[in-house]
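Reading the structure
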Amino acid sequence: MENWSVDQVCNWLRQRNLGELVPKFREEEVSGAALLALNDRMVQQLVKKIGHQAVLMDLINKYQQKKSGLESLTYCCQTASPKLPEVISGKNLKSFFARYKTLQWTSSYALPDFPYDVKCILAEKKCPDHSMRIRIIEVLQADMTKYLEGSLYPNSQQYNIVVNALLQAYPFLDEDGNGFLLWKRALKDRFKYVRRPIEDDEQVLRNKCKFGHRRGQTRKSSFAENKPDDVRMQEEPVHLEGSAMDVHIKWLKQEYTKTQRNWKEVDNRMNVTIEIRRKMISDKAPLKDILRLFPFLRCPYQLFREFQLLTHMDIYKKTVEILEIYSENILSLYVVRNNPINIMLQENLKRHTEEDILKYMKMTAACLLLPDVFGDDSSLFAVVNEEVKVVTPVLEVKNPFNVNSCEFALYVEREELAQLDDCTMALAALVAAFHVFDIPCPKRIHRTLSFLESLVFEVRSPAPLPAQVKRGLEVPEHPSM
């Protein structure tokens, strides 16, 4: 395209149903090189109709992206070992290109080119309304599916990369510091909505069994009460005052079974029913009865929100700050130097060079090593690649340093309460669970949780720590000039 003449550019416009632009392009002598050099302002001056502007810029951007991808792929093939042609020959050629494209995307993701109307809204730096949010999510979902070669099952790391890219490009979308969770949840819901028409496909059913999203199947008895057909109110363990409360609870139970949920209404009804919920918890009602009436407490976002209603603290945001500040200090302590988790971390760090992945691994290790730092029982805090045996809230962690297959889950009373995306969400959920369900902290992890709570609640005098640990966890101040 760079070497096209004006006539070739005009022919290209006609083939793209943009023949109306030909006279103007001839008048301005737009060649192939000039076409690729056009920016938004030039296009607006050259093309009158907004629809034509959007189509033209989209075609130019797609060509440039395609060219960039081919150049980098060519470089990869040229710099590979001499055995590479044998490796990617025949049937393996398609899988090689798919793997390369996926790796290229996850290591340096760039947001897609949004439609013109979306660009206009984002340019105003105002929070979009509900319909525009849906438009943004639809574009992101389509873009992720394209780079995943049609797969509808992104992993947690890929969700995180896309949402982080969105919020870095448009910081005003991070509403009150909760934007990351809200956008990530909306993107996940969009993928669930797209997957819904093919939910009987054999591969989808296998994935549901693997990741815990089942319909008509159970792994534990606590999940049996969440089937879509089971939406009738059963005998309640406590007396509910007024039919209005019954209506709210019944609506919450029905909404939980849906794929597309009205989260705003969920928040409102959870607010309305908090009094009866807190009464059940204070009266020591069985946890399974509480979760049967209020199944949204299984969702990490609602668990964090419940914690915020009780304490006026954003537990997720605080946990992110804690791990970012203390991770390096924790990993440098002598007490954890020969710990199996730290040894596993050091081995995995050698296999990666991406800064985001290295940071993720270090934060995960710091989270898992916290009980060992304080001399507490780590089995009451997190169970790594083993079966959960304790009844108090505990984290189940599988493959903690494998970014593609790591799994985090919160268990209470030996039952899985929620699946979690990463170590930050897992640590926040663990601390929140003790408070939300009013569960006494075991003495053998008391110092660890006391330390975390002192940071979450910004207590001026944190829980007493061993002297060597306290010195190691002190964040160094910047030297005065």
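Attention in this report is confined to the structure presented alongside it. All residue numbers refer to position in the chain's written sequence, counted from 1. Under the rules for a predicted model, residues below a pLDDT of 70 receive no local features and side-chain atom pairs below 80 are neither given nor counted, while totals for whole chains, interfaces and linings still include all residues. Computation of side-chain values covers all heavy atoms of the structure but excludes hydrogens and water.

**A short note on the nonpolar core**
- If you look at the biggest cluster of nonpolar residues, it comprises 110 residues, and the most contacted ones within it are Leu187, Phe294, Phe304, Phe381, Leu410, Leu420 and Phe437.
- Secondary structure elements follow DSSP: runs of H or I of four or more residues count as helices, runs of E of two or more count as strands, with numbering from the N terminus. Here this core takes 12 residues from helix α21 (residues 423-436), the largest share from any one element.
- By definition, residues are in contact when any of their heavy atoms lie within 4.5 Å. Once residues lying within four places of it in the same chain are set aside, the contact partners of Phe294 are Ile249, Leu252, Thr273, Ile276, Arg277 and Met280.
- For this analysis, a nonpolar core means a set of buried residues of the types Ala, Val, Leu, Ile, Met, Phe, Trp, Tyr and Cys, connected via side-chain atoms within 4.5 Å. Any residue under 20% of the maximum accessible area for its type is buried, any over 50% is exposed, and the rest in between are partly exposed; the area is computed with a 1.4 Å probe on protein chains only. Counting residues in each nonpolar core, the second largest holds 19 residues, with Leu13, Leu21, Val22 and Val30 among its members.

**Quick look at the side chain of Thr319**
- By the element assignment, Thr319 lies in helix α18 (residues 315-331).
- Once residues lying within four places of it in the same chain are set aside, the contact partners of Thr319 are Thr424, Leu427 and Ala428.

**Here we look at the pattern of salt bridges**
- Salt bridge, as used here, is a side-chain nitrogen of Lys or Arg placed within 4 Å of a carboxyl oxygen of Asp or Glu. Applying the stated criterion to the full structure yields 19 salt bridges.
- Connected through shared salt-bridge partners, Lys184, Lys188 and Asp421 make up one network.

**A word on unusual backbone geometry**
- Despite not being glycine, Glu413 shows a phi value in the positive range, around 55°.
- Topologically, Glu413 is positioned in the loop between β3 (407-412) and β4 (415-420).

**A few points about the sheet that holds β3**
- Two strands form a pair only when DSSP identifies at least two bridges running between them. Here four strands make up an open sheet; going across it, the order is β1-β2-β3-β4 and the pairing mixed. Only two strands of the sheet have a single neighbouring strand rather than two, namely β1 (382-384) and β4. Pairs of neighbouring strands in the sheet enclose a mean axial angle of 25°, with direction left out of account.
- Bridging between strand β2 (residues 394-398) and β3 involves five bridges; their strand directions are antiparallel. Directly across from Glu396, in β3, lies its bridge partner Ala409. The axes used here are C-alpha line fits, helices contributing only the stretch in contact, and every angle between their N-to-C directions lies in the interval 0 to 180 degrees.

**Thoughts on the packing of aromatic side chains**
- Two aromatic rings, drawn from Phe, Tyr or Trp (for Trp, its six-membered ring), form a pair once their centres lie within 6.5 Å of each other, and the interplanar angle then sorts them: stacked below 30 degrees, edge-to-face above 60, tilted otherwise. Counted under the stated rule, the structure contains 11 aromatic pairs.
- Linked through ring pairs, Tyr256, Trp263, Phe296 and Tyr301 together constitute an aromatic cluster.
- A cation over an aromatic ring shows up here: Arg261 above the ring of Tyr256, its NZ or CZ 4.9 Å from the ring centre.
- Positioned over the ring face of Phe294 is Arg277, at 4.9 Å from the centre of the ring. In this scheme, the term charge over a ring applies when either NZ of a lysine or CZ of an arginine sits within 6 Å of the ring centre and within 35 degrees of the ring normal.

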